[in-house]
Amino acid sequence: MWCRRLACLLTVPCQLSGSPGQRSPWLPRDRRSILAAATRWHHMAPESLKCAWQLHGDHLELRYANMLMRLDFVWLRDHCRSASCYNAKTNQRSLDTASVDLGIKPKAVRVDETTLFLTWPDGHVTRYGLEWLVKNSYEGQKQQVMHPRILWNAEIYHQAQVPSVDCRSFLETDEGLKEFLQNFLLYGIAFVENVAPTKEDTEILAERISLIRETIYGRMWYFTSDFSRGDTAYTKLALDRHTDTTYFQEPCGIQVFHCLKHEGTGGRTLLVDGFYAAEQVLQQAPEQFELLSKVPLKHEYVENVGGCHNHMIGVGPVLNVYPWNNELYLIRYNNYDRAVINTVPYDVVHRWYAAHRTLTAELRRPENELWVKLKPGKALFVDNWRVLHGREAFTGYRQLCGCYLTRDDVLNTARLLGLQA
């Protein structure tokens, strides 16, 4: 609203304002009050709308690049990038935030073509690039995504013809690694071909992009239908789509699968883009999407098999979004491991069941199912915060190996290669 008013005001001819100190009697009263308010805005040049600013009691309003930013004075002092406030070598703040007066106001403000200058009561000068403020202000962040993605169903994924990356290129070149990570970040799944079918070679593959996350299942695991663990996965039964380790407070970020041997039939792997399904819910029933993103649930894993004794509980909503831009970043969906729903009052739980049913219907649409036959030499990386996996029942002896990766380290590797992650 402010931007539209300001743009309108500065198109009014100068003579409309009357003589200095005198109101123009023929202007409507609301138009006169708007003109009076406009005099408080400061501009780089009277004829320019490129940048304008206005001081308020506790914040600065800055209009630049078609964006109106509201910048709190304490925030402006706290984020100063001068040498005494910020260590550019370590990229760490030196200023003690708790020492900033919560009632601080700038003594002087100046803006040129590229920079905002603030002089504080003690004489300290803070400089901000206007483009930096556009990127880092709350208003700027609302218009950006943390992680660019391509949402997909089976048809979209097949049409994209996403290439696998050769193992040697993946291990030995930055170009091959970057191509792999770009595919992984965009689609939530990626494949590496021509991997030697051993646990040791799969481990080398995983360590190329991340630290391996050791869990109650160990570091690297072999996976057979021997029911050696108290989990349906260690059988020959079909597994419905789900994400893993929902019973961890922070579910594992990435899962690696490598089929080392299968002497039998069936056993295809099912992959479903949970974010694609959630987007359909958001478009069709936004109130149900919101409910799934706010209601906390418990997931639980209880195991007493052989020497394995574990009791894990993780708590969180099915859909997890960043609050400033509503970008979905994690789906926690596992009907096998969902615990008793005792965190939801009776007048909400029925609506939650309806929302859960809507999401489940989207996740189970046949057109959203990507079926892949894993084979020796083809390793699959799955974003466990986004893509659900399952499998069909199988016969015979089937052996997989794999591991979980720490999400932070995968994203770190991607950023170091110049990718947005």
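Heads up: the structure comes first, above all this text.
Here is a short report on the structure shown in this document.

Criteria and thresholds
Residues numbered from 1 in each chain as written. Predicted model: local features only at pLDDT ≥ 70, side-chain atom pairs only at ≥ 80, totals over all residues. Heavy atoms only, no water. Helix = DSSP H or I, 4+ residues; strand = E, 2+ residues; numbered from the N terminus. Buried < 20%, exposed > 50% of the residue type's maximum accessible area, 1.4 Å probe, protein only. Contact = heavy atoms within 4.5 Å. Areas by Shrake-Rupley, 256 points an atom, 1.4 Å probe, with all protein chains shown as cover. Axes fitted to C-alpha atoms, helices over the stretch in contact; angles between N-to-C directions. Parallel < 35°, antiparallel > 145°, perpendicular 65-115°, else oblique. Left-handed = near helix turned anticlockwise from the far one by under 90°. Nonpolar A, V, L, I, M, F, W, Y, C, P; charged D, E, K, R; others polar. 1 Å grid on protein atoms, 1.4 Å probe; cavity = no way out; pocket = protein on both sides within 12 Å on 5 of 7 lines; lining within 4 Å. Points joined across faces, edges and corners; volume = space filled by probe spheres on them. Pairing = 2+ DSSP bridges.

1. Quick word on the overall build of the protein chain
Step number 1: Within the protein chain, the secondary structure is distributed over 13 helices and 24 strands.
Step number 2: The proportion of buried residues among the 421 residues of the protein chain is 49%.
Step number 3: A separation threshold of at least 6 residues defines the contact pool for the protein chain, and within that pool the share at least 24 residues apart is 71%.
Step number 4: Total accessible area on the protein chain is roughly 21300 Å²; 52% of this is exposed by carbon and sulfur atoms.

2. Quick look at the packing of helix 10 (residues 274-284) against helix 12 (residues 346-363)
Step number 1: Interhelical geometry of helix 10 versus helix 12 gives an angle of 130 degrees and a closest axis separation of 9 Å. Overall, the two elements helix 10 and helix 12 adopt an arrangement that is oblique. Considering the relative orientation of helix 10 and helix 12, their crossing is right-handed. Residues Gly-274, Ala-277, Ala-278, Gln-280, Val-281 and Gln-284 of helix 10 touch helix 12, and the partners they reach there are Thr-358, Leu-359, Glu-362 and Leu-363.
Step number 2: Its residues assigned to classes, the contact of helix 10 with helix 12 comprises five nonpolar, four polar and one charged.

3. Quick look at empty space enclosed by the protein
Step number 1: Taken as a whole, this structure holds three cavities of 30 Å³ or more when the rule is applied.
Step number 2: Lining the largest cavity are 13 residues; nearest its centre among them are Arg-149, Leu-185, Asp-383, Arg-407 and Leu-411.
Step number 3: Of all the secondary-structure elements, those providing two or more residues to the lining of the largest cavity are helix 8 (174-187) and helix 13 (407-416).
Step number 4: For the lining of the largest cavity, the leading source of residues is helix 13, giving three residues.
Step number 5: Grouping the amino acids of the lining of the largest cavity by side-chain chemistry returns six nonpolar, three polar and four charged.
Step number 6: One number sums up the size of the second largest cavity: a volume of about 40 Å³.
Step number 7: Taken together, His-299, Val-318, Arg-332, Tyr-333, Asn-334, Asn-335, Arg-338, Trp-352 and His-356 make up the lining of the second largest cavity.
Step number 8: Of the residues in the lining of the second largest cavity, the class split is three nonpolar, four polar and two charged.

4. Remarks on the sheet that holds strand 9 (residues 125-129)
Step number 1: Strand order in this open sheet of three strands is 7-8-9, and the pairing throughout is antiparallel. What marks the edges here is a single partner per strand, and that holds for strand 7 (108-111) and strand 9. Each strand axis lies, on average, 15 degrees off the axis of its neighbour in the sheet, ignoring direction.

5. Remarks on the pairing of strand 18 (residues 308-316)
Step number 1: Examined bridge by bridge, strand 17 (residues 297-305) and strand 18 share nine bridges and lie antiparallel to one another. Paired with Val-305 across the two strands is Cys-308, which belongs to strand 18.
Step number 2: Following strand 17, the chain reverses through two residues before pairing antiparallel with strand 18; Gly-306 in that reversal takes a positive phi of roughly 60 degrees.

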